[in-house]
Amino acid sequence: MTEAAPESESEGRGGRRAARRARREGGGRIEQPPFRRIFNPYTPTRAVSDDELEAIHLASLTVLEEIGIDFLLPEARERLKAAGADVQGERVRFDRAMIEERIRTIPSSFTLHARNPERSVGVGGNEIVVCQVASTPNVSDLAGGRRVGNRRDFQNLIKLGHQLNAIHTFGGYPVEPVDIHASIRHLEALRDIVTLSDKAIHAYSLGRERIEDGIEIIRIARGVSREQLEREPSLFSIINSSSPLRLDYPMLQGIVTMAEAGQPTVITPFTLAGAMAPVTIAGALVLQNAEALAGLAFTQVVRPGAPAAYGGFTSNVDMKSGAPAFGTPEYMKAALVGGQLARRYDIPYRSSNANAANVPDAQSAWESIFSLWGAVMGGVHILKHACGWMEGGLCASFEKMVMDADTIGMLAEFLTPLVVDDDTLALEAIRDVGPGGHFFGTAHTQARFKTAFFSPMVSDWRNFESWQEAGSPDALTRAAELSNRLLAEWEAPPMDPAIREELDAFVAEAHRGGRGADGFLREGRCHSPPPIALRCSARAEPRRAAQAAAGPSWPRVARHLRAIEGSLLGRFGYRGRPRSA
């Protein structure tokens, strides 16, 4: 059995007491919109013309035909060669007709089944699936500050994600629980997710054995047969290419294993314009599209009809420091065109809500809004890192998660179609009030006032005097209080005792099955783990200040960007930490 989830820093500093006090004072449970599926009724934005979109498409096919992609997994190269690709060493070149033929079998939509059927969501069409932040090495809250990821905070972020109705799925580990040994971390982390919540989940592609473990864990948690699971997609995995033009060993093993099991992979190049991609957004999109098409075609070589999605994650770098930037105008444009490309291929589209701010402040808000709006206007289906992402993906924030969930709630309400009928036109109410009156006391208002408008959790609409009398709480303070209360209100979703027993038995057997550190590195081909700390040190204030004053040193920037690539792409990071953009 897994150990009981301990309290977080924030819980330990009064979260449960605050919740009890709020209930005594009549606050009750936190009111938020119910869990609901989100549908976008608006036509996605066309950022480029049809001719320009076709030019990007054709340029991508030229890259695949003339330059090719390195596939590092021998099994993948063998499968591609048998399917008609040109394989020379690790390099694979694709005939453009092969690409177009293969991607044609990808389903345009599918259902992602949750442990609780009421939490299942659709991927494709005009539905938006909201994912919690994922893959951060650090975590922060107002009470405990910034700290390295650990299981206690991991569990509490899962609880918070379960409590926030705006979040549909877990897009990975909200923070990396580094106090669990890397060889068994996936077992403990996934067991935590499926027992602390009943929402849909993600599993990392860290080699065949580990993704198979993830598939088996969700099969057990759902209480279904392997055959039913293969018919009903129940977990997804992000597959990051190692830009430029490379798909690595564990990612390709993930594609093979997931496709064989009928589970969806989201092929997501992480292309930073000016670094691992051309400095022009059009050129970066050509590279993104080529890498995405290669990965998507390979999913169909493995199993025609396997569900998959087109992932867009193109942004730019700060050319003064080499650090990634998010929520930029360039990021928004890339998100719009990524959506156009996905629609051209009739494939579900993934984008992200990202920012590069270091604290949940105004910068984090405006960059997140720009990212979010670019994704929504681009026709996003899978919205990754929607709640809680900070520092360009280096930190998960409890407070930012609540703020973002409130923003997603506002977005969902905005996307709800306006009802225009005899009742909402309110002619009788207008007649009753007449000139010079007010509508507060009308029967029309009294029947609707509780649900007439969206009611935010974080925004404070009191007048200045009332707000000042309450202690002048700012948004960060309110979000911290809400986070504590939500954690205090968390209750474990029900799980059949027989299923829990089978789940624990599987995890225990997997522990005994030799998931040792040596095997972990050997299976993942992680001979020399790239130091994720390089990016952290590159963001250190003294160094950044000195570099900014001196101007860009391009050899240094290039070295720094390769470190970013090794740290953030779908590879093993420091101490076997999975990275997923």
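Residues numbered from 1 in each chain as written. Predicted model: local features only at pLDDT ≥ 70, side-chain atom pairs only at ≥ 80, totals over all residues. Heavy atoms only, no water.

Colleague: So what about the sheet that holds strand E15 (residues 272–273)? Which residues, and what values?
Modeller: Taken in spatial order, the three strands of this open sheet run E15-E17-E18, and their pairing is mixed. Edge positions in the sheet fall to E15 and strand E18 (324–325), since each has one partner strand and no second. Judged from the two bridges that link them, strand E17 (residues 315–317) and E18 form a sheet pairing that is antiparallel. Considered in E18, the bridge of Asn316 is made with Ala325. (Pairing = 2+ DSSP bridges. Helix = DSSP H or I, 4+ residues; strand = E, 2+ residues; numbered from the N terminus.)

Colleague: Pulling in residues and values, what's your account of the side chain of Arg77?
Modeller: Mapped onto the elements, Arg77 comes out in helix H3 (residues 74–83). Here Arg77 occupies a buried position and makes no salt bridge, while the nearest side chain of opposite charge, Glu90, is found at 4.5 Å. There is a polar contact of 2.7 Å between the side chain of Arg77 and the backbone oxygen of Phe71. Non-local contacts of Arg77, meaning those with residues more than four positions away in its chain, are made with Phe71, Leu72, Val87, Gly89, Glu90 and Val92. (Buried < 20%, exposed > 50% of the residue type's maximum accessible area, 1.4 Å probe, protein only. Lys, Arg positive; Asp, Glu negative; His and termini not counted. Salt bridge = Lys/Arg side-chain N within 4 Å of Asp/Glu carboxyl O. Polar contact = N/O pair within 3.5 Å; in protein donor to acceptor, adjacent residues only side chain to side chain. Contact = heavy atoms within 4.5 Å.)

Colleague: Can you break down the packing of aromatic side chains residue by residue, with the values?
Modeller: A full pass over the atoms with the stated rule returns 15 aromatic pairs. Ring centres of Phe313 and Trp389 lie 6.2 Å apart, and the angle between their planes is 65°; on these two criteria the pair is classed as edge-to-face. Highlighted residues: Phe313 in the loop between strand E16 (308–311) and E17 and Trp389 in strand E21 (residues 389–390), separated in sequence by 76 residues. In this structure, Phe313 and Trp389 share a single accessibility class: buried. Among the aromatic residues, ring-to-ring pairing joins Phe270, Phe313, Phe326, Tyr331 and Trp389 into one connected group. In this structure, Arg119 packs its charged tip against the face of Phe35, placed 4.8 Å from the ring centre. When the ring centre of Trp490 is taken as origin, the NZ or CZ atom of Lys159, which lies over that ring, is 4.5 Å away. (Phe/Tyr/Trp six-rings, centres within 6.5 Å; stacked < 30°, edge-to-face > 60°. Lys NZ or Arg CZ within 6 Å of the ring centre and 35° of its normal.)

Colleague: Any details on the sheet that holds strand E2 (residues 69–71)? Residues and values, ideally.
Modeller: With respect to topology, four strands assemble into an open sheet ordered E3-E4-E2-E13, the strand pairing being mixed. Strand pairing shows two members of the sheet lacking a second neighbour, strand E3 (86–88) and strand E13 (246–247), which therefore form its edges. The pairing of E2 with E13 spans two bridges and is classified as parallel. Looking at E13, one finds that Asp70 is bridged to Arg246. Along the sheet, H3 makes contact with E2, E3 and strand E4 (91–93), crossing E2 at roughly 120°. (Axes fitted to C-alpha atoms, helices over the stretch in contact; angles between N-to-C directions.)

Colleague: Could you give an account of the layout of surface pockets, with specific residues and numbers?
Modeller: The volume enclosed by the largest pocket comes to roughly 1500 Å³. Taken together, 41 residues form the lining of the largest pocket, with Thr451, Ala452, Phe453, Phe454 and Ser455 sitting closest to its centre. Put simply, the parts of the chain that give the lining of the largest pocket at least two residues each are helix H13 (398–415), helix H14 (422–425), helix H15 (427–433), helix H16 (443–446) and helix H18 (475–489). Broken down by element, the lining of the largest pocket gets its largest block of residues, four residues, from H18. (1 Å grid on protein atoms, 1.4 Å probe; cavity = no way out; pocket = protein on both sides within 12 Å on 5 of 7 lines; lining within 4 Å. Points joined across faces, edges and corners; volume = space filled by probe spheres on them.)

Colleague: Talk me through empty space enclosed by the protein; I want residue IDs and the actual numbers.
Modeller: Under the definition given, this model contains six cavities of 30 Å³ or more. Taken as a whole, the largest cavity spans an internal volume of roughly 130 Å³. Surrounding the largest cavity, 17 residues form its lining, Pro33, Asn165, Ala166, Ala405 and Gly409 being those nearest its centre. Ranked by residues supplied to the lining of the largest cavity, first place goes to H13 with five residues. Per-class residue counts for the lining of the largest cavity are 11 nonpolar, four polar and two charged. (Nonpolar A, V, L, I, M, F, W, Y, C, P; charged D, E, K, R; others polar.)

Colleague: I'd love a proper account of the packing of helix H5 (residues 151–163) against H13, names of residues and values included.
Modeller: Where H5 contacts H13, the two axes come as close as 11 Å, and the packing angle between them is 15°. The orientation of H5 relative to H13 falls into the category roughly parallel. Considering only the axes of H5 and H13, their crossing is right-handed. Here Asp153, Asn156, Leu157 and Leu160 of H5 come into contact with H13, specifically with Phe398, Met401 and Val402. Residues belonging to the contact of H5 with H13 are distributed by class as follows: five nonpolar, one polar and one charged. (Parallel < 35°, antiparallel > 145°, perpendicular 65-115°, else oblique. Left-handed = near helix turned anticlockwise from the far one by under 90°.)

Colleague: Let's hear about the pattern of salt bridges: which residues, and what values?
Modeller: For the structure shown, the criterion picks out 34 salt bridges. Here Glu413 makes a salt bridge to Arg36, at a shortest N to O gap of 3.4 Å. Highlighted residues: Glu413 in helix H13 and Arg36 in the loop between helix H1 (9–24) and strand E1 (38–39), separated in sequence by 377 residues. For Glu413, a relative accessible area of 36% translates into the label partly exposed. Ionic pairing is found between Arg147 and Asp153, a salt bridge with its closest N-O pair at 2.7 Å. On the basis of relative accessible area, Arg147 is assigned to the buried category, the value being 14%. With a relative accessible area of 0%, Asp153 lands in the buried category. Here the residues in one salt-bridge network are Arg151, Glu188, Arg191, Asp192, Arg500 and Asp504, joined through shared partners.

Colleague: Describe the confidence of the model for the chain, listing the residues and the values that go with them.
Modeller: In this model, the chain carries an average pLDDT of 88, and 84% of its residues clear a pLDDT of 70 or more. Here residues 1–16 scores under 50 on pLDDT; set against residues more than four positions off or in separate chains, the count is 43 contacts. Low pLDDT (under 50) marks residues 516–578, which in the prediction has 118 contacts with non-local residues, meaning those over four places away or in another chain. (pLDDT = per-residue confidence, 0-100.)

Colleague: Go over the packing of helix H12 (residues 362–377) against H13, please, and point to the residues and values.
Modeller: Contact pair H12 / H13: the axes reach a minimum separation of 12 Å and the direction vectors enclose 40°. Considering their axes alone, H12 and H13 lie oblique with respect to each other. Both H12 and H13 take part in a crossing whose hand is right-handed. Along the contact surface, H12 presents Ser364, Ser368, Ile369, Leu372, Trp373 and Val376, while H13 presents Lys400, Asp404, Thr407, Ile408, Leu411 and Phe414. Residues of the contact of H12 with H13, tallied by class, amount to seven nonpolar, three polar and two charged.

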